[in-house]
Amino acid sequence: MSKHVLLVEPRYYTRYPPLGLLKLSSYHKKIGDTTELVRGTTTHVSREPNIIYVTSLFTWAWKPVWEAVRFYSILFPKADLWLGGLYASLMPEHATLSGVNPKRIFKGIFTEAEDLCPDYSLVPDWNKKVSASIIFSSRGCIRSCTFCAVPRIEGKMKAEKSSIRHLIWPGHKRVILFDNNFLASSKWESVLKEIEELDLRVDFNQGLDARLISDRVAKKISRVKIDRFVRLSYDYIGMGSYVRKAINLLKSNGIDGRNILVYALYNFTDSPQDLFTRIKNTLSWGAVSYPMRYQPTNTLSKNTYVAPKWDEIRLNAVQRARRVIGSGGAFPPYEGMLKVKVEKCHTFDEAFNEFMKPLEVIQ
Ligand code: SF4
């Protein structure tokens, strides 16, 4: 008998639609069920559901997840309520305290829905305003960076698709690749070729692995329409030579440095001076630097962890500089910024004090 499925996205901040829930919708519709998507806690539900799926995201956004679990458990006590998503996968014991039946916590990826086109009919605003299909052309990763949750949740590289055509919603003009390490997929080239043939804009959302960018790779990347930035990461100082080479190759293949954004992880095993060096290097190589604060994969409160080599004052200095001089939180390689503020400084403290002064009063 056909079932009614209620898909719940808790009320936390996110820029993207709940991909897992949209895939579950496609899965249930395929077997003859009906679905509806709600955000937060609401009694405006079209009819009593048989199944409720509550999703979750970052561990620090656990409160709205608990709220949703409790609210819908009381509203629909007869329904089977499942809790899945990132927080549920990383901290199932903590998630159990929300009151969800421990047997109804789903960890990891629901593979039966993985290859289905997400049901974007549930997010008409997204279709109208953003018009993008979010796609994993692969799962997992070839690396095992200790600050990253991917090795724990998805493990080694797998599920590499040679075609993503079937995952693109009719009418969408863009694809957002959520692959953890797109270039590590053995099928990246055919996926890129397909994107080029379909004339879609592409956002390599999770960044490209600088260590895998060769001249051939850079050429292929330069042939697709990039959605604003090619993102790389410069997680530790030892990656410098790879990042520099990748930036040079991308630039020599026609990609403007101002469209190459390099994440600089900080507040992990690095020191403030180390972060400053990475920012300075990135700007001197002509790309945009984006400092990104490390959050432990099981933190219950964002921006509270302070790494051994950092302190609150310096962490706040980075936040302030990103707000005051950054462009969307990033440091662009503008002449003024690079020449006046960065090149003349030698230490983190000197630079971040300098960042706070207006450009015109600096001699
Ligand atoms: S390369 Fe990226 S996705 Fe892979 S383990 Fe490292 S941080 Fe995670």
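For the structure itself, consult the block above.
Residues numbered from 1 in each chain as written. Predicted model: local features only at pLDDT ≥ 70, side-chain atom pairs only at ≥ 80, totals over all residues. Heavy atoms only, no water.

In this section: the site of the ligand. In the region of the ligand, the neighbouring residues are Cys141, Arg143, Cys145, Phe147, Cys148, Pro151, Asn180 and Asn181. Broken down by class, the residue content of the shell around the ligand amounts to five nonpolar, two polar and one charged. (Near = heavy atom within 4 Å. Nonpolar A, V, L, I, M, F, W, Y, C, P; charged D, E, K, R; others polar.)

We now examine the layout of surface pockets. The space that makes up the second largest pocket amounts to roughly 230 Å³. As for the second largest pocket, its lining consists of 13 residues, and the residues nearest its centre are Glu9, Tyr16, Pro17, Val123 and Trp126. When contributions to the lining of the second largest pocket are tallied by element, the ones reaching two or more residues are strand S2 (34–39) and helix H6 (124–129). Partitioned by chemical class, the residues of the lining of the second largest pocket number seven nonpolar, one polar and five charged. (1 Å grid on protein atoms, 1.4 Å probe; cavity = no way out; pocket = protein on both sides within 12 Å on 5 of 7 lines; lining within 4 Å. Points joined across faces, edges and corners; volume = space filled by probe spheres on them. Helix = DSSP H or I, 4+ residues; strand = E, 2+ residues; numbered from the N terminus.)

It is a probe the size of a water molecule, rolled over the atoms, that shows where empty space is left. Inspection of the entire model under this criterion finds one cavity of 30 Å³ or more. In this structure, the largest cavity spans a volume of roughly 40 Å³. Of all the secondary-structure elements, those providing two or more residues to the lining of the largest cavity are helix H1 (19–30) and strand S5 (132–135). Looking at side-chain class alone, the lining of the largest cavity contains six nonpolar, no polar and three charged residues.

Quick look at the sheet that holds strand S11 (residues 288–293) now. The parallel open sheet is built from three strands, whose spatial order is S9-S10-S11. On the outer flanks of this sheet lie strand S9 (230–233) and S11, each paired with one strand and no other. Strand-to-strand twist in this sheet, taken as the mean axis angle between neighbours without regard to direction, amounts to 30°. In this structure, strand S10 (residues 260–266) lies alongside S11, joined through six bridges in parallel fashion. Residue pairing in the sheet places Val262 in a bridge with Ser289 of S11. (Pairing = 2+ DSSP bridges. Axes fitted to C-alpha atoms, helices over the stretch in contact; angles between N-to-C directions.)

Function cannot be read off these values alone, since they describe shape.
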